[in-house]
Amino acid sequence: MAQLSDEVDRIVEAWNRQRPDLDFSPLEVLSRVDRLSRHLDHARRDAFRRSELEPWEWDVLSALRRAGEPFQLTPKQLLQQTLVSSGTMTNRIDRLVGRRLVHREADPADGRSILVVLTPDGKIRVDAAITRLVDAEAVLLARLSRTDRDRLAALLRKLSLGFDT
């Protein structure tokens, strides 16, 4: 069975002709990851747009949804999950409150703190977005068998662990 070639193969072949002294195997992996990332970004933005959410809104709302009932986190917990600055998080919470996707309430465990709570409308939107997102991502991976996807996930996990520490 002949192996199919893609644009990355053509790029690597051209570089190999021009610079045979270099090992272009990293390009074979990471250029494909970069190209796939662009397709994923488009699919995600479309899923969020169809749920009337911006990507940054998705980040906050999905963190609250993943927290489970009663869908609430402290601003510090949201900071840890979304990796933005304190000022940026405050601005994001304010904007989400303005859209009535979250509300603030006093933390009963600490009267000096607040909790950010997902509203019913916020939950509806994040649930619609995650449904659209997993459907779109399944389409992106449709050419791979479940075994191939599991193997790829394991390899990417192994690679990413070096960056997540």
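Definitions and limits used
Residues numbered from 1 in each chain as written. Predicted model: local features only at pLDDT ≥ 70, side-chain atom pairs only at ≥ 80, totals over all residues. Heavy atoms only, no water. Salt bridge = Lys/Arg side-chain N within 4 Å of Asp/Glu carboxyl O. Helix = DSSP H or I, 4+ residues; strand = E, 2+ residues; numbered from the N terminus. Buried < 20%, exposed > 50% of the residue type's maximum accessible area, 1.4 Å probe, protein only. Axes fitted to C-alpha atoms, helices over the stretch in contact; angles between N-to-C directions. Parallel < 35°, antiparallel > 145°, perpendicular 65-115°, else oblique. Left-handed = near helix turned anticlockwise from the far one by under 90°. Contact = heavy atoms within 4.5 Å. Nonpolar A, V, L, I, M, F, W, Y, C, P; charged D, E, K, R; others polar. Patch = residues over 30% accessible without salt bridge, like charges linked within 9 Å, V, L, I, M, F, W, Y side chains within 5 Å. Areas by Shrake-Rupley, 256 points an atom, 1.4 Å probe, with all protein chains shown as cover. Core = buried A, V, L, I, M, F, W, Y, C linked by side-chain atoms within 4.5 Å.

## Some words on the pattern of salt bridges
Inference 1: One pass over the full model with this rule turns up 17 salt bridges.
Inference 2: Put simply, D9 and R32 hold a salt bridge, and the shortest N to O gap is 2.7 Å. With D9 in helix α1 (residues 7-18) and R32 in helix α2 (residues 25-50), the pair connects residues that are 23 residues apart, well separated along the chain.
Inference 3: Taking the relative accessible area as the measure of exposure, D9 reaches 17% and is therefore buried.

## Thoughts on the packing of α2 against helix α6 (residues 120-140)
Inference 1: Two elements in contact, α2 and α6, have axes separated by 8 Å at closest approach and are oriented at 150 degrees. Accordingly, the angle class assigned to the pair α2 and α6 is roughly antiparallel. Along this stretch, α2 crosses α6, giving a crossing that reads as right-handed. Together, H39, L40, A43, R44, A47, F48 and R50 of α2 and A129, R132, L133, A136, E137 and L140 of α6 make up the contact between the two elements.
Inference 2: Split into classes, the residues belonging to the contact of α2 with α6 amount to 8 nonpolar, 1 polar and 4 charged.

## A short note on a nonpolar patch on the surface
Inference 1: Side chains of V29, L30, V33, L140, L141, L144, L152, L156, L159 and F163 sit close together on the surface and give an oily, nonpolar patch of about 860 Å² of accessible area.
Inference 2: Counting only elements with at least two residues in the nonpolar patch, the list comes to α2 and α7 (146-161).
Inference 3: In this fold, V29 is placed in helix α2.
Inference 4: Residue class for V29 comes out partly exposed when judged on its relative accessible area of 46%.

## Some thoughts on the nonpolar core
Inference 1: Ranked by size, the top nonpolar core spans 22 residues in total, and within it L61, L64, L78 and L96 carry the most contacts.
Inference 2: Among the elements of the structure, α2, α3 (55-66), α5 (86-98), β3 (110-118) and α6 are those that each provide at least two residues to this core.
Inference 3: It is α3 that contributes the most residues to this core, 6 residues altogether.
Inference 4: Discounting chain neighbours no more than four positions away, the residues touching L96 are W56, E57, V60, L61, L101 and V102.

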